[in-house]
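Remarks on the overall topology
In case you want the letters, here they are:
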Amino acid sequence: MNFSELKDFLNEKYDVYNHLDFIQDDPVQIPHRFSLKQDIEIAGFLAATISWGNRKSIIKSAEKILDIMGNSPYDFVMNYSEKDLDNIKDKSIHRTFNGEDFAYFIKQFNEIYKENESLENLFLIHENENNFYHSIERFRQKFLGIEKHRTHKHVSSPYKNSSSKRIIMFLRWMVRNDNRGVDFGIWENIDQKFLSIPLDVHTGNISRKLGLITRTQNDWKTVEELDLVIRKFDGNDPAKYDFALFGLGVTKELF
């Protein structure tokens, strides 16, 4: 396919997969259970953090997290007791993300929300930046704190050449606003033109199959390689092609 054909093909697949039915089988359904901005952010960040492996398993684990928080994430984060955290620490949550990690996240959320109305403040793009490379690292330093902890591995770093897939996915949820009902678009101070594709096995394989990228690793350098192409297709909303690439990957339409 030439450039024009490829753009038309991906736009068509974006239309096919970007609709409310997508929510039913995707972790994005977890934050969709809330209307309060902070509830959406906390539920979304936690669901994104554990988004590896089988999607049904991810959703089940996320529901366990919500249940522990009394289905009121923001209220729980701001009003937990030490006994609440002690009860959490021994729990099994999702694969290597355990109760100790969950309790650490709760404490860090509490600190952040004491000073900020929204997590958006920690992801703001600075002048002369064209993606979330530095933004994610600034967030990591603020959210995780200085003291080293086992939980740090669950918030990946683009500075270490990670694709940071789960954070990039969370950012898409919060920033993109196309009125189709999947992404929230509740962060109004960050332009969606800065978003990238959450790069995982599915999106990476399809991108190579279509000739969008040449690198074989799913790392940050490949995220930026993909950025260069998809932003030519739509410079104002490049992350919309995540729906096309992920959908093509899951359905195995091209294999």
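From a predicted model like this one, the values you see are computed outputs, not experimental measurements.

Moving on: the nonpolar core. Core analysis: the biggest nonpolar cluster contains 81 residues, and Leu10 and Phe109 have the highest contact counts within it. With sequence-adjacent residues up to four places away left out, Phe109 is seen in contact with Ile42, Phe45, Leu46, Val77, Leu119 and Phe143.

Note that an α-helix has 3.6 residues per turn; residues three or four places apart therefore point the same way. Counting buried positions over the eleven residues of helix α8 (residues 165–175) gives ten, a clear majority of the element. Within α8, the full set of buried residues consists of Lys165, Ile167, Ile168, Met169, Phe170, Leu171, Arg172, Trp173, Met174 and Val175. As for α8, its buried residues are in contact with α2 (37–49), α7 (133–144), α10 (220–233) and α11 (241–251).

With that out of the way, let us pick up the pattern of salt bridges. Note that side chains of opposite charge can pair when their charged atoms are close. Counted under the stated rule, the structure contains 16 salt bridges. Close ionic contact of Arg180 with Asp15 constitutes a salt bridge, the shortest N to O distance being 2.6 Å. Taken together, the positions of Arg180 in the loop between α8 and α9 (201–209) and Asp15 in helix α1 (residues 3–17) put the pair 165 residues apart, joining distant regions of the chain. The class for Arg180 is partly exposed, based on a relative accessible area of 30%.

Moving on, we get to the side chain of Asp242. Of note, Asp242 is situated in helix α11. In contact with Asp242, not counting residues within four places along its chain, are Arg172, Ile197, Pro198, Thr203 and Gly247.

Moving on, we get to α9. Every buried residue of α9 is listed here: Thr203, Gly204, Ile206 and Ser207. Where α9 is buried, its residues meet α10 and α11. Sitting at the amino-terminal end of α9 is Asp200, which places a side-chain oxygen 3.1 Å from the backbone nitrogen of His202. Of the residues one or two after α9, Gly211 is the one with positive phi, at around 75°.

About the thresholds
Residues numbered from 1 in each chain as written. Predicted model: local features only at pLDDT ≥ 70, side-chain atom pairs only at ≥ 80, totals over all residues. Heavy atoms only, no water. Core = buried A, V, L, I, M, F, W, Y, C linked by side-chain atoms within 4.5 Å. Buried < 20%, exposed > 50% of the residue type's maximum accessible area, 1.4 Å probe, protein only. Contact = heavy atoms within 4.5 Å. Helix = DSSP H or I, 4+ residues; strand = E, 2+ residues; numbered from the N terminus. Salt bridge = Lys/Arg side-chain N within 4 Å of Asp/Glu carboxyl O. Polar contact = N/O pair within 3.5 Å; in protein donor to acceptor, adjacent residues only side chain to side chain.

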